[in-house]
Each structure stands twice: as C-alpha cells, then as structure tokens.
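# Analysis of the macromolecular model
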Amino acid sequence: MKAFYKIDDAKHVVIVTNNKTFANANAFYSYILSKHKKVTLVCTEKIDENFSFLPWFDKKKENIPASAELTTDAQKTLSDTLVLFSFLKNSNVKINEKMATSLYAGLLLEYDAFKSDKCDSTVFAVASELIQLNAAYKTCNDFLFKRDSLALFRLKALLYKSMLLSADATLLKMYMNDDDLLASGASSKDAEYIMREALNIVHVENVTLYDRDTKNKILKSTKEM
C-alpha cells in the first residue's frame, strides 16, 4: 500500500480523510502511533457525529500543519478496508482494540452493513476475526446504523411524499431540491441513505433521485452509488 511508503523515514505523518474513509483513517492513525510517530488527522469535510465513537474522533484537524513530513490521502490509499486489514496482518502488526473497531466500522460502511451484493465469505471472515480481536461491533452498529438524525427523518418525509413508482414498480422516483435540504437541515448523504433504504420496498430494484425544479434532471441513482 502506498500509504505505508516512507513512513519509517518520517517523524510527522498527516492523514487526509473524509466521511467515507474516516473509519479506516482511524485504524491507520493507531498504526502510525504504534510506530512512535507524530500523526495528524486532517478532514476535508465536517465529519458526522455518528463517527464520534471512533478512537481519534476528537483529534481531527482542518488544516495540514507546516511540520508535516509525509501526507497520505486516505481517499486514494485507505478506501479498501480488506486491503488495509491484509496489509496490517501480513506486516505482523498487532491489531489492537482501537484498530479492530475502526476496521470493523470500515467494513460496515463499505459493505452497507453486510447487505451489499459485493459482500462475500471473505468479508464475513474478516469481520469475525476483528470481533475476536475485541472490535466493539455492537457500538459500531448502534452508532452507524441506529442513530438517525431528526433532519434525516424530515427529509425522508419529503422524499417519500413525492415518490412515484414506474416500470412495473421496479423503479422508484424521488424528487428533491436545495430548498428541501435547507428546510429539513439534512445533507445529500442523508438523501443517499434514504434511497438505499427505499430499496427494501417490494419489487423496487432501483431508486432515482430527480431535481424537483427540472423534473427530468437526475441527481443520483442507486445503480451508481
């Protein structure tokens, strides 16, 4: 993994991350600490409170410090949890509880709480091993999938109110504009969550989100998420 190159020669390592890679970045943060290096976690966007259970949530910064000697972009190097886990294991790194919890959270996010079509026996085997390594799997589940915000529920009401079924009920159309986000206080990420949830409706195979103002402009589709 490129993220591990030159770490031994650097005294101060910076991990640039976002919501998508924050869990894996936490695991990598722990790894760098274990090598007695200074490490800084820099976030390119506001990190959701749902991640507050992760060990280094309170350590995140907004800017790269001038003293940084090595910077790694988690979006490019740490996005694959299985690859990160395999590298750590093959490098004989002792995966502690903090690392195990972060990696388990990474798996949950990457494989949509193990409901993704990409989820296979390898994913479950690694999840099981992380639990044996004392990953706080119940906490991961509770914080990532059982703590919906009021804003999300407001947006859900708006999207479900506007939904239309077509193509023999296999396509669910939802409509949203910027005013809906402002009124609900929700984000585009909340909209994606609601779209994935709507796939549980009987017969629905795809959910497409349209711009309410233009009616035919596609904002997002679950087939591309």
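Preceding this section is the structure that the text describes.
Reference entry: report on the structure contained in this document. Every chain's residues receive numbers from 1 upward, in the order its sequence appears when written. Local features in a predicted model are, by the rule used here, given only for residues with pLDDT of at least 70; side-chain atom pairs are given and counted only at 80 or more, and totals for whole chains, interfaces and linings are based on all residues. Side-chain measures were taken over the full set of non-hydrogen atoms in the model, leaving aside hydrogen atoms and water.

## Concerning the pairing of strand E6 (residues 171-176)
What counts, and what does not: Categorising residues by exposure relies on relative accessible area from a 1.4 Å probe, with only protein chains included: less than 20% of the type maximum marks a residue as buried, more than 50% marks it as exposed, and the intermediate range marks it as partly exposed. What counts as a helix is a DSSP run of H or I of at least four residues, what counts as a strand is a run of E of at least two, and both are numbered from the N terminus. By definition, two strands form a pair when at least two bridges between them are found by DSSP.
Within E6, five of the six residues are buried, leaving the element largely enclosed by the surrounding structure. Counted along the chain from strand E5 (residues 164-166) to the antiparallel partner E6, the turn is four residues long, and its residue alanine 167 has a positive phi close to 55°. The pairing of E6 with strand E7 (residues 206-211) spans six bridges and is parallel. Bridging from a neighbouring strand, tyrosine 175 pairs with tyrosine 210 of E7.

## With respect to the sheet that holds strand E2 (residues 38-43)
As summarised here, the arrangement of the four strands in space is E3-E2-E1-E4, forming an open sheet in which the pairing is parallel. In this open sheet, the two edge strands, each paired with only one partner strand, are strand E3 (60-61) and strand E4 (70-73). Of the strand pairs in this sheet, strand E1 (residues 12-17) and E2 are connected by six bridges, and their pairing is parallel. Within E2, the residue paired with histidine 12 across the bridge is lysine 38.

## Concerning the nonpolar core
The following threshold applies: Here, nonpolar core means buried Ala, Val, Leu, Ile, Met, Phe, Trp, Tyr and Cys residues that are tied together by side-chain atoms lying within 4.5 Å of each other. Residues are treated as being in contact if the distance between any of their heavy atoms lies within 4.5 Å.
Counting residues in each nonpolar core, the largest one holds 49 residues, and the members touching the most others are Ile15, Tyr31, Leu88, Leu107, Phe114 and Leu130. Listing elements by their share of this core, those giving two or more residues are E1, helix H1 (22-34), E2, helix H3 (81-90), helix H4 (97-110), helix H5 (121-132) and helix H6 (137-145). A per-element tally of this core places H1 first, with eight residues. Not counting residues within four places of it along the chain, the set of residues in contact with isoleucine 15 comprises Ala25, Phe28, Tyr29, Ile32, Val39, Thr40, Leu41, Val42, Thr72, Ala74 and Leu78. Among the nonpolar cores identified, the runner-up in size contains 16 residues, and Leu155, Met176, Met195 and Leu209 belong to it.

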